[in-house]
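# Secondary and tertiary structure notes
Spelled out, the chains give:
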Amino acid sequence: MELNDQPLAVHEAQALSLAWIAPVGVERVSLFEAVGRILAETVHAPHDLPPFDNSAMDGYAVVAADTAGASEASPVRLEVSEQVTAGQLPQQAMSSGQAVRIMTGAPLPEGASGVVIQEQVRREGSTIWLTRPVKEGDHIRRRGEDIRAGQAVMSAGECLTAAHIGVLAAFHRAFVTVRRRPVVAIVATGDELIEVDEPPATGKIVNSNAYALAALVRAAGAQPLVLPLVRDNVAQVEAAFAEAAATADVVVSSGGVSVGEHDLVKPALERLGLEARFWRVWMKPGKPLLFGRLRGRPCFGLPGNPVSGMVCFHLFVRPALGKMLGLPETRWRLPEVSARLAHEVRTKGDRPTYLRARLVWTETGWQAEVLPGQGSGMLTSMLGAQGLVFFPEGKRVGQAGEVVPVLCLTSLVGDWPGL
Ligand code: AMP
Ligand code: MG
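### As for the sheet that holds strand β27 (residues 403-408)
- Strand order in the closed barrel made by the 5 strands is β21-β24-β23-β25-β27, with mixed pairing throughout. Taken pair by pair, the neighbouring strands of this sheet meet at an average axis angle of 50°, ignoring direction.
- One ladder, built from 5 bridges, connects strand β23 (residues 353-362) with strand β25 (residues 387-391); its direction is antiparallel. Bridge pairing in β25 links Arg356 to Leu388.
- In the packing of helix α6 (residues 306-324) onto the sheet, the strands contacted are β23, β25 and β27, and the crossing angle to β23 comes to about 80°.

And the structure:
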């Protein structure tokens with residue numbers, strides 16, 4: 001395919017990349033491993049929940065009709081016929097005039113129609129006295145009142161929380177089918193890079209992108225696979241991408257993707273037979289961003305500038321991983337909120353611009369504090385950024401108090417897998 005040199009709009013590039021993304025396969029995991037995973041089956045209740053009528057309180061099971069006229073002036077007297085604790089079975093059906101001592105969670109004896117809590121009863125030996133009527137169904141948890149047998153209780157695409165896991169266990173499900181975590185190979189390129197545990201050296205910088213990208217991959221519910229550093233040399237770049245495509249579901253690279261002499265990612269990928277889809281996106285930070293399919297694997301060539309790389313990850317790779325995990329679109333799109341600018345903001349306006357911002361909840365709604373240091377190499381402005389304020393092309397000034405759209409980076413509702 002001929003690659004268009006014209007940069008694409010963000011939404012066009014997102015649509016093109018997502019069109020080449022399909023959900024990964026599934027695997028069975030133990031409930032102990034299941035939190036944060038994405039369900040890949042519909043779960044139907046195999047039986048009612050609760051599975052049997054039981055008492056909601058410690059007290060006495062009674063035949064409600066026996067207690068109809070009970071009052072302080074004329075208490076009703078009942079004979080305690082047996083005691084049932086949680087986990088036991090009643091020995092006999094109840095009849096009129098009887099009461100069964102019953103504990104929370106114990107099965108209700110046949111014939112019982114209400115439970116009176118122990119604090120409302122006077123007991124003398126095997127006799128109890130009631131001074132007020134018990135209504136039908138009082139303090140009884142009915143079989144199936146929570147979930148009916150056959151009812152669909154969870155659907156594919158839901159992120160498993162502690163509550164899901166509790167419900168699965170209540171249905172005797174020790175294992176559950178979830179989407180496999182997509183393996184994301186991370187390839188960092190650059191002659192200037194050293195590893196985090198190497199001593200500082202003039203002219204060198206730490207390969208911090210590999211760590212930040214690995215963290216983003218994990219927070220998106222996928223599995224990072226960080227490959228060894230790659231120098232700006234065609235053979236090395238080619239070999240690294242070939243290995244990445246052979247071992248991972250997705251390849252994400254950092255650096256070497258612009259038009260400098262040392263930007264070898266695009267030529268190396270083309271030599272490997274990349275089916276390229278686009279390589280420039282009209283946005284700031286970002287712009288160089290290569291996307292295509294390498295030996296069937298989606299491949300994102302992110303810019304090396306740390307902020308550009310992270311912003312492009314949020315806008316392109318994170319939705320792709322969400323789609324691979326089988327999440328519905330409403331979950332993999334970055335949520336957008338409207339917020340008021342806390343102070344005036346100026347930009348060049350030469351491209352659609354994403355500004356790192358802190359989001360603060362106020363009485364009048366969300367307020368966005370655009371952080372200082374918006375240069376694409378200024379990684380510290382990502383610290384504390386919960387959102388990206390969006391300025392369309394041509395917008396140079398945002399007034400204090402003006403309402404602007406903000407893409408949320410961390411999920412405000414906290415339900416993004418892994419967060
Ligand atoms: P590039 O996209 O390769 O031209 O890189 C742009 C700039 O991003 C470089 O000059 C570095 O300062 C920085 N950079 C590139 N790769 C990394 C990396 N792996 N970790 C941190 N910074 C990087
Ligand atoms: Mg480079």
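### What about helix α4 (residues 234-247)?
- Helix length check: α4 (14 residues) gives 20 Å between terminal C-alpha atoms against 20 Å at 1.5 Å per residue, within 8%.
- By the burial criterion, the buried members of α4 are Val237, Glu238, Ala240, Phe241, Ala244 and Ala245. End-on, the buried residues of α4 take up no more than an arc of 165°, which puts them together on one face. With respect to the buried face of α4, the exposed residues turned more than 90 degrees away are Ala235 and Ala246.
- Here the buried face of α4 lies against β13 (183-188), β17 (250-254), α5 (265-271), β19 (288-294) and β20 (297-302).
- You can read the cap of α4 off the contacts: a side-chain oxygen lies 3.0 Å from the backbone nitrogen of Ala235, and it is on Asn233.

### Examining unusual backbone geometry
- Omega for the bond connecting Leu49 with Pro50 falls within 30 degrees of zero, at -5°, which places this linkage in the cis form.
- Summarising the element assignment, Pro50 is placed in the loop between β2 (43-44) and β3 (54-55).
- Here Lys284 and Pro285 are connected by a cis peptide whose omega angle stands at -5°.
- Its location among the elements puts Pro285 in the loop between β18 (275-280) and β19.

### What to know about the pattern of salt bridges
- Under the defined criterion, the tally for this structure stands at 16 salt bridges.
- Where Arg173 meets Glu41, a salt bridge forms, and the shortest distance between an N and an O atom there is 2.6 Å. Placement of the pair is Arg173 in the loop between α2 (162-170) and β12 (175-179) and Glu41 in the loop between β1 (26-30) and β2, with a sequence separation of 132 residues.
- Here Lys395 makes a salt bridge to Glu402, at a shortest N to O gap of 2.6 Å.
- For Glu402, a relative accessible area of 24% corresponds to the partly exposed category.
- When salt bridges with common partners are traced through the structure, they connect Asp48, Arg143 and Arg148 into a single cluster.

### Structural notes on the pairing of β23
- Of the strand pairs in this sheet, β23 and strand β24 (residues 365-370) are connected by 6 bridges, and their pairing is antiparallel. Bridge assignment links Thr362 to a residue of β24, and that residue is Gly365.
- From the end of β23 to the start of β24, which pair antiparallel, there are 2 residues.

### So, the packing of aromatic side chains
- The final tally for this structure, using the stated rule, is 6 aromatic pairs.
- Note on Trp20 and Phe291: the rings are 6.0 Å apart at their centroids and 45° apart in plane angle, and the pair reads as tilted. Of the two residues, Trp20 sits in the loop between α1 (10-19) and β1 while Phe291 sits in strand β19, which places them 271 residues apart along the sequence. Phe291 carries the same exposure label as Trp20, and that label is buried.
- Ring centres 5.0 Å apart and planes at 70° place the aromatic pair Trp361 and Trp366 in the edge-to-face group.

### As for the pairing of β20
- For β20, the tally of buried residues reaches 5 of 6 residues, placing the bulk of the element in the interior.
- Examined bridge by bridge, β17 and β20 share 4 bridges and lie parallel to one another. Across the sheet, residue Ser254 finds its bridge partner in β20, namely Leu302.
- Pairing between β19 and β20: 5 bridges, direction antiparallel.

### Concerning the site of ligand 1
- Around ligand 1 lies a shell of 15 residues, among which Asn207, Asn209, Gly256, Gly304 and Asn305 are the nearest.
- One nitrogen or oxygen atom from the side chain of Asn207 is found 2.8 Å from a nitrogen atom belonging to ligand 1.
- Backbone polar atom of Asn305 to an oxygen atom of ligand 1: 3.2 Å apart, as the coordinates give it.
- Burial of ligand 1 by the protein amounts to 75% of the accessible area it has alone, namely 480 Å².
- Its residues assigned to classes, the shell around ligand 1 comprises 5 nonpolar, 8 polar and 2 charged.

### Some details on α1
- Looking only at α1, the buried set comprises Val10, Ala13, Gln14, Ser17 and Leu18. On an axial view of α1, the arc spanned by its buried residues comes to 125°, and they lie on one face. With respect to the buried face of α1, the exposed residues turned more than 90 degrees away are His11 and Ala19.

Calculation notes
Every residue gets a number counted from 1 within its own chain, in the order that chain's sequence is written. Ligands are numbered from 1 and chains lettered from A, in the order in which they are written. With pLDDT at 70 or above as the cut-off, local features in this predicted model cover only qualifying residues; side-chain atom pairs require 80 or more to be listed or tallied, and sums for whole chains, interfaces and linings still use all residues. Values shown for side chains rest on all heavy atoms present in the structure; no hydrogens or waters enter the calculation. Any two strands with at least two DSSP bridges between them are considered paired. By the criteria applied, helices consist of DSSP H or I runs no shorter than four residues and strands consist of E runs no shorter than two, each listed in order from the N terminus. Throughout, an axis means a line fitted to C-alpha atoms (over the contacting stretch in the case of helices), and angles, computed between N-to-C directions, take values from 0 to 180 degrees. The contact rule is simple, with two residues in contact once any of their heavy atoms fall within 4.5 Å. What a helix should span is 1.5 Å times the count of its residues minus one. Here's how the labels work: a residue is buried when its accessible area is under 20% of the maximum for its type, exposed when over 50%, partly exposed in between, all with a 1.4 Å probe on protein chains only. Arc, as used here, means the arc of the directions from the helix axis to the C-beta atoms. Residues adjacent in sequence count toward polar contacts only when both atoms are side-chain atoms; beyond that, a polar contact is any pair of N or O atoms within 3.5 Å, and within protein one must be able to donate a hydrogen and the other to accept it. Here a salt bridge means any side-chain nitrogen of Lys or Arg lying within 4 Å of a carboxyl oxygen belonging to Asp or Glu. Here a Phe, Tyr or Trp ring, Trp counted by its six-membered ring, pairs with any other such ring whose centre lies within 6.5 Å, and the pair is stacked when the planes are under 30 degrees apart, edge-to-face when over 60, and tilted otherwise. Put simply, a residue is near a molecule or strand once any heavy atom of it comes within 4 Å of that molecule or strand. For every accessible area listed, the method is Shrake-Rupley and the probe measures 1.4 Å; residues are considered covered only by the protein chains on display. Only Asp, Glu, Lys and Arg are considered charged, only Ala, Val, Leu, Ile, Met, Phe, Trp, Tyr, Cys and Pro nonpolar, and every remaining residue, Gly among them, polar.

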